Amino acid sequence: QGQLVESGGGSAQAGGSLRLSCTASKYDFNFGCMGWFRQYPGKEREGIALINVGDGGQVYDDSVKGRFTISQDNDKNTVYLQMNSLKTEDTAMYYCAADLDGEEGVVCSPHNLYYGKDSWGKGTLVTISS
């Protein structure tokens, strides 16, 4: 089956930048949805940035809009999350999710990706200090 591997997490100062990567091994990148979910301790995992791998359409949560950018490299089967203007409240675990084996035409949304995902990555920790 497919596997998702995240990288790029770590520590940064407020106002700085990080770039997360999620490589989808053994997945078909023709169509589907991939995205990043953020989870604070004791809270639900929430979708913050999604991309439709077929047409490049993007969806962002308001908390990251204008600061984070999701992108894809089809040759590498990899999705990136460029995180700029980082804030201390960005400190969290970040998980990659993919729904790449479903039917074409499903709306790429946080709800649909959460429940339709094929798997989670193991997560990468982001810690932002002031």
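This one's a predicted model, so the numbers in the text were calculated from it and none came from an experiment. (Residues numbered from 1 in each chain as written. Predicted model: local features only at pLDDT ≥ 70, side-chain atom pairs only at ≥ 80, totals over all residues. Heavy atoms only, no water.)

Draft legend 1. View of the pairing of strand β8 (residues 78-83). The buried fraction of β8 is high, at five of six residues. Where strand β3 (residues 18-25) and β8 come together, six bridges link them in antiparallel fashion. Across the sheet, the residue bridging to R19 is Q82, located in β8. Pairing between strand β7 (residues 68-73) and β8: six bridges, direction antiparallel. From the neighbouring strand, I70 faces β8, where its bridge partner is L81. From the end of β7 to the start of β8, which pair antiparallel, there are four residues, and N77 there has a positive phi angle of about 50°. (Buried < 20%, exposed > 50% of the residue type's maximum accessible area, 1.4 Å probe, protein only. Helix = DSSP H or I, 4+ residues; strand = E, 2+ residues; numbered from the N terminus. Pairing = 2+ DSSP bridges.)

Draft legend 2. Region of the structure containing the pairing of strand β4 (residues 33-39). When you tally the buried positions in β4, you get six out of seven residues, the bulk of the element. For β4 and strand β5 (residues 46-52), the ladder comprises six bridges, and the chain directions are antiparallel. From the neighbouring strand, W36 faces β5, where its bridge partner is A49. Pairing of β4 with strand β9 (residues 92-99) involves seven bridges; the strand directions are antiparallel. Along β9, the bridge assignment pairs M34 with A98.

Draft legend 3. Local environment of the nonpolar core. The biggest cluster of nonpolar side chains holds 29 residues, and the ones touching the most others in it are M34, W36, L81, M83 and Y94. Mapped onto this core, the elements with two or more residues apiece are β3, β4, β5, β7, β8, β9 and β11 (124-129). Grouped together as the second largest cluster of nonpolar side chains are six residues, F37, L50, A97 and L113 included. (Core = buried A, V, L, I, M, F, W, Y, C linked by side-chain atoms within 4.5 Å.)

Draft legend 4. Spatial organisation of the pattern of salt bridges. All chains considered together, the criterion is met by three salt bridges. E46 is the salt-bridge partner of R38, the closest N and O atoms lying 3.1 Å from each other. (Salt bridge = Lys/Arg side-chain N within 4 Å of Asp/Glu carboxyl O.)

Draft legend 5. Highlighting the state of the cysteines. Following the criterion strictly, the structure yields two disulfides and no others. The disulfide partner of C22 is C96, and the gap between their sulfur atoms is 2.0 Å. Taking the sign of the torsion about the S-S bond as the criterion, the disulfide between C22 and C96, at about -85°, is left-handed. Placement of the pair is C22 in strand β3 and C96 in strand β9, with a sequence separation of 74 residues. Note on accessibility: C22 and C96 belong to one class, buried. The partner cysteine of C33 in its disulfide is C108, sulfur to sulfur 1.9 Å. Here the S-S torsion is close to 60°, and the disulfide linking C33 with C108 is therefore right-handed. Note that C33 is positioned in strand β4 and C108 in the loop between β9 and α1 (110-116), a separation of 75 residues in sequence. The same class applies to C33 and to C108, which are both buried. Counting its disulfide-bonded cysteines in sequence order, the protein chain shows a connectivity of 1-3, 2-4. (Disulfide = S-S within 2.5 Å.)

The quantities given are spatial measurements derived from coordinates; they are silent on function.
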